[in-house]
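Observations on the model geometry
Each chain is listed here by its residues.
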Amino acid sequence: RVRMPSPVRMGSSTDLFMRSVALILLLSPAAGLRAGTHAGPLRDSAVRRSHVRAVDTMMEAAVAAAASAAMQAAQQTEHLEIRAPEASKTYVSLDKSSQSLTVEGLPEVYDAKIIEKYWKSNSGALRARWTQFLGISIPFMTRVASIGLSGGMEGLERESGSLARDARIHMEELGPTYIKLGQMMSVRPDVLPQAAMDELMYLQDNVPRFSDEVAMEILAKELGRDISEVFSFITPEPIAAASLAQVYKATLLSTGESVAVKVQRPGVLETISKDLYVLRRAAEVYQNLMDRIAPKQRTDYTALLNEWAIGFYTELDFANEGRNQMRLRTMLEERQVNGVLVPAVYEEYSTRRLLVSEWVDGTKLSELPPAELRELVSVGQEAFLVQLLQIGVFHADPHPGNLLKLHGPREDGKVLALLDFGLVAQVKQSDRDTMISALIHLANKDYTSLVEDFVELGILPADANRPMIIPLMDKALTPYIQGGGAAKYAEKIVEGSGGFQAMTQDMLTVLNEVPFTIPPYFALLARAIVTLEGIALQGDPGYALILESYPFIARKLLSDDRPAVQRALQEALYGGPGGSGMKGNRIAVLLNSALGIVQRDGLSVDLDSVPTDGVDVKTAMAFLLSGEAESLRALLSREADTAADLVLRQTIRRAVGALDGQAATSTFGLVGGWLPSPLDIPAPFFLPDADGFSRAAFPAFHKTRAVLEAMAPKLTQNEELYLLSLADLATELLGPDAAAIVNGDAASSDTLAVPRLVLDIVERFNSGSSAGSNEQALVGAARSLVGRTRRKASQSGESSSMDGVLTAYDELSAEQRALLDGTLTALNSRTYASMSKRLAKLKSYKP
């Protein structure tokens, strides 16, 4: 039914390949649109036939246009010299020190120039491999396209089992490179039906094996001695056969320990080097095609392929893999990622083609029931986030065959084993900082800030059209935040766009108007994330990667003192760069998030609503005083200066006002109403200098009111609002007693409290000349307020909410209590210093 444009020649196999690609590119939306003609009001036969004809006409035109563009791209690429991927800027963790070559003339460690030289001397073999690839892939893609165009998505689902079986057989026939692709797709329940996943699961460690006799010859050669001199026992057959190697179980002669012996497949390096040529050629064609249909895109697709290709080639260096494995083992232990085991490597027996490591008994995640798998998701997620965002070195190939649930409980608490470190990537610190910021903004749906993160990461240019991009981000990313994988994402995208046609228009706008770039390291990062998310979705179909990662991100924000992370924390707590003041409730939200309680508004993280089932005061206080909240403490220590000063000023002013009221109503005796307020009677004061010390030989006489006004000037409107927000937070977290202290009501809550508080402050400021003794006025006032709220609650038969705070304090460890006391002492000193500067202005001479 599809008419191809007559000017395009069909002679070459490349042309056929690109026609198939064009059909596949258009298959999903076209088939979905056509399948929609069977539902709703289109069941009427006449209307339905008319709609089908219109859809078919549109599909034919679209396929013809895409095919024409594909042919032109293929013809243009046909004359280009295909160069080997350059490794100078790769993110792959590899050892560049070796210059050794194999007998075929290939480098053991990736080297673009040597590989190019090999390609030029083996052009016939490369053409043969290209022809083999096309001969297998074209019939298969043509079959997929035909089923999709004739039967829509229902037809593809109906044939999914046989299609997956054919795909698996073709991948095995083509070899390791294509087996890797199948492994990645085998864990995506949101992309493939279960029948297809079951078929592709065989590719994880049930690949057709090579001869055991050949394997033993390779093993002896790599050991440099007879096998019996190293192992007292080795299994006659492999325990697992993977794309690059076979694994045997053995016992070390020297220690009796059980080990895994990984032996590389013979000739695999030569096969993979040819496949790199094939894939590089296909990438060049695709690059030209995208340049034609989306000219504003700036993604270098060949660079993306390069990064993947270099990583794949590096997987064949088992010595490099062993170093990666021991490196991450040490790093995860140092960061106390206690649930994950990275097996030890026996480097004395390992080479570039042989890896001997600690044997691990466990069950592959792909074989676990969903309930057991769901229990391990958080452990694996934590380990990956630590690698990516803290260490900056991460396992880039975490498919289910490389993840095992350990058998039985272990004393060290480890439940999950991470294997196969052949592909490990590195991320710069600056990129990690920006990723953290981007994840926060994505979880909070702050797309305005997310655009700036994308600019920093190199995804968007600095001159990006922000007013156009932000609404498109909302439509494209909000459905992903909600979770559920690709299938639910597609449904939400269509719903959110107002239908299929509107969604298509949004996609075209993105392709034609938004000049985005996918950085090369995303090729490795995306591979890891796609695989891990697929595993999680098998355990929980509603899994939402961004929201589930938020507790880790919150802990990172609260603990890391790096300037970039501190800026992100300030942005979260102050409501963006233009925020006028800290939003107290956001502290509670982040604390709860860090402890695993995330408040959601249904679509994203709600930063402004404290969870109703949040953590208790004891847990929150213990966390605040732990190493995990170091960054927050640094920020709060600065914020506490403002808060303490405002609370003290408000308390003094409320007390002064209450004292005036008591004087006016004869509180101080029968003639009290005829006398001036005690606050207006001059009294002697030893006022401090600006540095807090009083050096005067004689006291100065000032009205007590003037002294108190200097100590506690009136709050501005913004300061009043800030104090109200603190009082609201205190009410929500600690109850009304704490709020009474914050807003100053505790000072005027009973008749005797006011004179006691004012006289206590005045007396202490007159009692001596040292800053230390004067500072105790503040401590005495604070203790008085706390004690008063507790006594008042006790007299009414109620328990004070402050009891929980004091109980939590009593249960702190000695180290935590010392940290808190030191922090409060420093805060007290700073508050007194601010007050001294104000009081110094009352002195007759300039301080």
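Just so we're clear, the structure is a prediction, and the values are computed from it rather than from any experiment.

**Some thoughts on the overall build of the chain**
A tally of regular secondary structure across the chain gives 30 helices and 13 strands. Within the chain, buried positions represent 52% of all 847 residues. Considering only intrachain contacts with a sequence separation of at least 6, the fraction spanning at least 24 residues in the chain is 70%. Summing over all exposed atoms, the chain offers an accessible surface of approximately 38,100 Å²; the carbon and sulfur share of this is 56%.

**Concerning the pairing of strand E3 (residues 245-252)**
The side chains of a regular strand alternate between both faces of the sheet. With respect to burial, E3 is a largely interior element, six of its eight residues being buried. One ladder, built from three bridges, connects strand E1 (residues 231-234) with E3; its direction is antiparallel. Residue pairing in the sheet places Phe-233 in a bridge with Thr-251 of E3. Bridging between strand E2 (residues 240-241) and E3 involves two bridges; their strand directions are antiparallel. Bridge assignment links Ala-240 to a residue of E3, and that residue is Val-247. Where E2 hands over to E3, the hairpin turn is made up of three residues, counted between the paired strands.

**Quick word on the pairing of strand E6 (residues 354-358)**
Judged by how many residues are buried, E6 sits mostly within the fold: four of five residues are covered. By the bridge criterion, five bridges tie strand E4 (residues 258-264) to E6 in an arrangement that is antiparallel. Bridge pairing links Ala-260 to Ser-357 in E6.

**Quick look at the side chain of Ser-137**
With respect to the element layout, Ser-137 can be found in helix H4 (residues 123-158). Under the relative-accessibility criterion, Ser-137 is labelled buried at 10%.

**Some words on the packing of helix H13 (residues 429-443) against helix H14 (residues 447-456)**
In the contact formed by H13 and H14, the axes pass within 9 Å of each other and the chain directions differ by 155 degrees. Comparing the axis directions of H13 and H14 gives the class roughly antiparallel. The handedness of the crossing between H13 and H14 is left-handed. Only Tyr-447, Ser-449, Leu-450, Asp-453 and Glu-456 of H14 make contact with H13, whose side of the interface consists of Thr-434, Ser-437, Ala-438, His-441 and Leu-442. Broken down by class, the residue content of the contact of H13 with H14 amounts to four nonpolar, four polar and two charged.

**Re the confidence of the model for the chain**
Averaged over all residues, the pLDDT of the chain is 74; the fraction at 70 or higher stands at 70%. Counted against residues more than four places away or in other chains, residues 1-43, with its pLDDT under 50, gives 90 contacts. A low-confidence stretch, residues 764-779 (pLDDT under 50), is modelled with 34 contacts involving residues beyond four sequence positions or located in other chains.

**A short note on unusual backbone geometry**
Residue Gln-336 is not a glycine yet carries a positive backbone phi of 55 degrees. Summarising the element assignment, Gln-336 is placed in the loop between helix H11 (318-334) and strand E5 (340-341). Residue Gln-336 is classed as exposed on the basis of its relative accessible area of 62%. A positive phi angle, near 55 degrees, is found at Lys-445, a position not held by glycine.

**Some details on the sheet that holds strand E7 (residues 362-364)**
Strand order in the open sheet made by the four strands is E5-E10-E9-E7, with mixed pairing throughout. Edge positions in the sheet fall to E5 and E7, since each of these pairs with one other strand and no more. In terms of strand pairing, E5 meets strand E10 (residues 416-418) through two bridges, oriented parallel. Each residue of the ladder has a partner; that of Val-340, found in E10, is Leu-416. Sitting on the sheet, helix H12 (residues 370-391) touches E5, strand E9 (403-406) and E10, and the angle it makes with E10 is about 45 degrees.

**Examining the nonpolar core**
Judged by nonpolar contacts, the single largest core of 118 residues is most densely connected at Phe-394 and Leu-590. It is H12 that contributes the most residues to this core, nine residues altogether. Those residues in contact with Phe-394 that sit more than four places away from it in its chain are Phe-384, Gln-387, Leu-388, Leu-423, Val-424, Ala-425, Val-427, Leu-524, Leu-525 and Ala-528. Counting residues in each nonpolar core, the second largest holds 19 residues, with Ala-215, Ile-218, Leu-219 and Tyr-248 among its members.

**Considerations on the packing of aromatic side chains**
Under the counting rule described, the total for this entry stands at two aromatic pairs. When the centroid spacing of 5.9 Å and the interplanar angle of 80 degrees are considered together, the rings of Phe-384 and Phe-394 count as edge-to-face. Taken together, the positions of Phe-384 in helix H12 and Phe-394 in strand E8 (residues 393-395) put the pair ten residues apart, joining distant regions of the chain. Each member of the pair, Phe-384 as well as Phe-394, carries the same accessibility label: buried.

**Topic: the packing of H13 against helix H19 (residues 545-559)**
Between H13 and H19, the shortest axis-to-axis distance is 10 Å and the interhelical angle comes to 130 degrees. Between H13 and H19, the crossing angle belongs to the class labelled oblique. In the crossing of H13 with H19, the sense of the turn from one axis to the other is left-handed. Every residue of H19 that contacts H13 at Ile-436, Leu-439, Ile-440, Leu-442 and Ala-443 is listed here: Ile-546, Leu-547, Tyr-550, Ile-553, Lys-556 and Leu-557. Looking at the contact of H13 with H19 residue by residue, the class counts come to ten nonpolar, no polar and one charged.

Reading the values: rules and limits
- Each chain carries its own residue numbering, running from 1 in the direction its sequence is written.
- Thresholds applied to this predicted model are a pLDDT of at least 70 for local features of residues and 80 or more for the giving and counting of side-chain atom pairs; totals over whole chains, interfaces and linings are not thresholded and use all residues.
- Hydrogens and water molecules were not included; the side-chain quantities draw on all heavy atoms of the structure.
- Under the scheme used here, helices are H or I runs from DSSP no shorter than 4 residues and strands are E runs no shorter than 2 residues, and both carry numbers assigned from the N terminus.
- Burial classification: accessible surface area is computed with a 1.4 Å probe over protein chains only, and a residue below 20% of its type maximum counts as buried, one above 50% as exposed, and the rest as partly exposed.
- Note on definitions: a residue-residue contact is assigned when non-hydrogen atoms from the two residues lie within 4.5 Å.
- Working definition of accessibility: Shrake-Rupley area with a 1.4 Å probe, residue cover restricted to the visible protein chains.
- Whether two strands pair depends on DSSP finding at least two bridges between them.
- Axes, fitted as lines to C-alpha atoms, cover a helix only where it is in contact. Angles between the N-to-C directions of the axes lie from 0 to 180 degrees.
- For classification purposes, angles smaller than 35 degrees are called roughly parallel, those larger than 145 roughly antiparallel, those between 65 and 115 roughly perpendicular, and all remaining angles oblique.
- Handedness of each helix crossing follows the sense of rotation of the near helix against the far helix: counterclockwise by less than a right angle gives left-handed, clockwise gives right-handed.
- When residue character is reported, Ala, Val, Leu, Ile, Met, Phe, Trp, Tyr, Cys and Pro are called nonpolar, Asp, Glu, Lys and Arg charged, and the others, Gly included, polar.
- Per-residue confidence from the predictor is reported as pLDDT, a score between 0 and 100.
- By convention a nonpolar core is built from buried Ala, Val, Leu, Ile, Met, Phe, Trp, Tyr and Cys residues, the set being connected through side-chain atoms within 4.5 Å.
- Planes of paired rings set the category: under 30 degrees apart is stacked, over 60 is edge-to-face and the rest tilted, where pairs are Phe, Tyr or Trp rings (Trp by its six-membered ring) whose centres lie within 6.5 Å.

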